[in-house]
Amino acid sequence: MNKRGFLARCALLCGMSALAGAPLGAQAQSDVVKVGLIFSMTGPFASTGRQLEAGVRLYQAQYGDRVAGKKIELIIKDDAGVPEQSRRLAQELVVNDKVQVLAGFSLTPLALSVAPVATQSKTPSVVFVAATSSVIDASPYYVRSSFTLPQVTIGVAEWAPRNGLKNVVSLVSDYGPGIDAESAFKQRFELNGGKVVEAIRVPVRNPDFAPFLQKVRDLKPDAVFVFLPAGVGSAFMKQFTERGLDKAGIRLIATGDVTEDDILADMGDVALGVVTSHHYSAAHPSAANQKFVEAYRKANAGKRPNYMAVAAYDGMRLIHSALQATKGATGDALLDAMKGQSFESPRGPVLIDAQTRDIVQDVYIRRVERRDGELYNVEFDVLKAVHDPGRRGK
Ligand code: PHB
């Protein structure tokens, strides 16, 4: 092994052995609980980081930063969407900053990269975004406040065949959540009498949709079912109309990631009528959501929250309530106290399944409509208390 290789190996091993003995001990006695938040604040997924930070800050602004006599200290780090960075930051947060909780992880590969650190250091960690079903299995210290792709996909997969869409092409980002969406859609859609005529996967970074959309056009399906991660939907929508797929009578159906609230208002009329299924819309008609949206807008120069902000807001609630229940104790006790929690979120009722550590929630079918001059995902049907279908039927 050359000198560089040796040093790199040494750094990794030293980091890992420090992790094994890291938490608990002295800081468990202290009156501060440190929460290490790893967000993508720069790079192609920067909008994710902004929404997450705003959700976290809103929760602490509304409910304070003290629980069970402890001050909750937030340490926010930017991984720029790079998995190696996420893991290095998680190691530093645990070993140097001695955080007792980790949270964030804007993409599936980032959550997978942090998982060994959470496991080795026995640090309860709340997954605010990463939505591939299997992420929760990557560490027994993971609890999810976001959603899974199969969970939200089944909504539109059931709606489509009931509404005359029988032949569909699926088009997804070529990585974990996309592949989950593709297979959940096919499974549920075909069970209900539909047929997926072609399954297309597009690159995750800077995708040029043109050749793929041309292929969809040539296939002339009733509809195209789409999953793309948050932030990419506008570019897709633009090319969908530029290529004349709407004029060719091809319907667009999707998971709510494509018409997410952060970008929807600026999409223009091309988005009108698009049917999606998802767990959160800023237009969700409940008093809790109205209060949340108003407060979020006030704190963020009029911008509306999307499903990332809600997951971060609810994730902070999970951490606060669990600390309340343990009277400030951290480690395994805190993890246990997160399991089984249920509450009214701005998205509707949610439960953290104590067995799977995954979130159980309502999934809504929505249509993009103009309300008071702005585009919104307007909910018109609901599947109640949906588990990740890979784990519990539905
Ligand atoms: C993911 O990488 O798991 C992910 C990211 C953004 C989404 C959905 C899933 O909108």
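Above this text sits the structure in question.
This one's a predicted model, so the numbers in the text were calculated from it and none came from an experiment.

The next subject is the overall build of the protein chain. Looking only at helices and strands, one finds 14 helices and 15 strands in the protein chain. Relative to the 2.2 N^0.38 estimate, which gives 21 Å for 394 residues, the radius of gyration of the protein chain is 21 Å and therefore close to what a compact globule would have. Its C-alpha atoms give the protein chain principal-axis dimensions of about 65 × 60 × 40 Å. Partitioning the contacts of the protein chain with sequence separation of at least 6, the portion at a separation of at least 24 is 68%. With an accessible surface of roughly 15400 Å², the protein chain has 52% of that area assigned to carbon and sulfur atoms.

Picture the strands of a sheet paired through backbone hydrogen bonds; they go either parallel or antiparallel. Read from one edge of the open sheet, six strands run β2-β3-β1-β4-β5-β6, paired in mixed fashion. Here the strands that pair on one side only, and so sit at the sheet edges, are β2 (66-67) and β6 (142-144). Strand direction decides the pairing type here: strand β5 (residues 125-127) and β6, joined by three bridges, are parallel. Within β6, the position partnered with V126 by the bridge is V143. Each of β1 (32-39) and β3 (70-78) touches helix α3 (residues 46-63); the most contacted strand, β3, lies at about 170 degrees to it.

Take E379: it is sitting in strand β15 (residues 374-386). Side chain to side chain, E379 and H284 meet in a polar contact 2.7 Å long. Once residues within four sequence positions are removed from consideration, E379 is found in contact with S281, H284, P285, Y364, I365 and R366.

The next thing to look at is the environment of E158. With respect to the helices, strands and loops of the structure, E158 is situated in helix α6 (residues 149-162). Residues E158 and E190 lie 32 residues apart in sequence; the distance between their C-alpha atoms is 9.3 Å. Engagement of the side chain of E158 in a polar contact is seen with the side chain of R188, the distance being 2.6 Å.

We now examine the pairing of β1. Judged by how many residues are buried, β1 sits mostly within the fold: six of eight residues are covered. Looking at chain direction, β1 and β3 are connected through eight bridges and run parallel. Residue pairing for β3: K34 is matched across the bridge by E73. Sheet analysis places β1 next to strand β4 (residues 101-104), joined by four bridges and oriented parallel. Pairing of L37 across the sheet is with A103, part of β4.

So, on to the site of the ligand. For the ligand, the set of nearby residues contains 14 residues, the closest of which are T108, A131, Y175, D257 and Y307. Y307 places a polar side-chain atom, nitrogen or oxygen, 2.5 Å from an oxygen atom of the ligand. Within the complex, the protein chains bury 99% of what would otherwise be the 280 Å² of accessible surface of the ligand. Taken together, the residues of the shell around the ligand break down into ten nonpolar, three polar and one charged. Here the shell around the ligand spans two domains, and each of domain 1 (3-147 + 289-357) and domain 2 (149-278 + 363-386) adds at least three residues to it.

In the structure shown here, the tally under the stated rule is 19 salt bridges. In this structure, R347 engages D314 in a salt bridge whose closest nitrogen and oxygen atoms are separated by 2.8 Å. Here R347 is found in the loop between β12 (342-345) and β13 (348-352), whereas its partner D314 is found in helix α12 (residues 307-326), with 33 residues between them in sequence. The exposure class of R347 is buried, given its relative accessible area of 2%. Across the pair D336 and K339 runs a salt bridge whose closest N-O atoms are separated by 3.6 Å. What makes K339 partly exposed here is its relative accessible area of 27%. If you follow the salt bridges from partner to partner, you end up with D261, R297, R304 and E374 in one network.

Where β12 lies against β13, four bridges are found, and the strand directions are antiparallel. Opposite S345, over in β13, you have G348 as the bridge partner. Between β12 and the antiparallel strand that follows it, β13, lie two residues.

Further remarks concern the packing of α12 against helix α13 (residues 331-338). The description of two packed helices rests on the angle between their axes and on the distance between the axes. Between α12 and α13, the least distance of the axes is 8 Å, while the angle of their chain directions is 115 degrees. Crossing of α12 over α13 shows right-handed handedness. Together, L318, I319, A322, L323, A325 and T326 of α12 and A333, L334, A337 and M338 of α13 make up the contact between the two elements. In the contact of α12 with α13, the residues fall into nine nonpolar, one polar and no charged.

Calculation criteria
- Residues numbered from 1 in each chain as written.
- Predicted model: local features only at pLDDT ≥ 70, side-chain atom pairs only at ≥ 80, totals over all residues.
- Heavy atoms only, no water.
- Helix = DSSP H or I, 4+ residues; strand = E, 2+ residues; numbered from the N terminus.
- Rg over C-alpha atoms; globule rule 2.2 N^0.38 Å.
- Contact = heavy atoms within 4.5 Å.
- Areas by Shrake-Rupley, 256 points an atom, 1.4 Å probe, with all protein chains shown as cover.
- Pairing = 2+ DSSP bridges.
- Axes fitted to C-alpha atoms, helices over the stretch in contact; angles between N-to-C directions.
- Polar contact = N/O pair within 3.5 Å; in protein donor to acceptor, adjacent residues only side chain to side chain.
- Buried < 20%, exposed > 50% of the residue type's maximum accessible area, 1.4 Å probe, protein only.
- Near = heavy atom within 4 Å.
- Nonpolar A, V, L, I, M, F, W, Y, C, P; charged D, E, K, R; others polar.
- Domains from an automatic or database assignment.
- Salt bridge = Lys/Arg side-chain N within 4 Å of Asp/Glu carboxyl O.
- Left-handed = near helix turned anticlockwise from the far one by under 90°.

Purely geometric stuff here, so don't read any function into it on its own.
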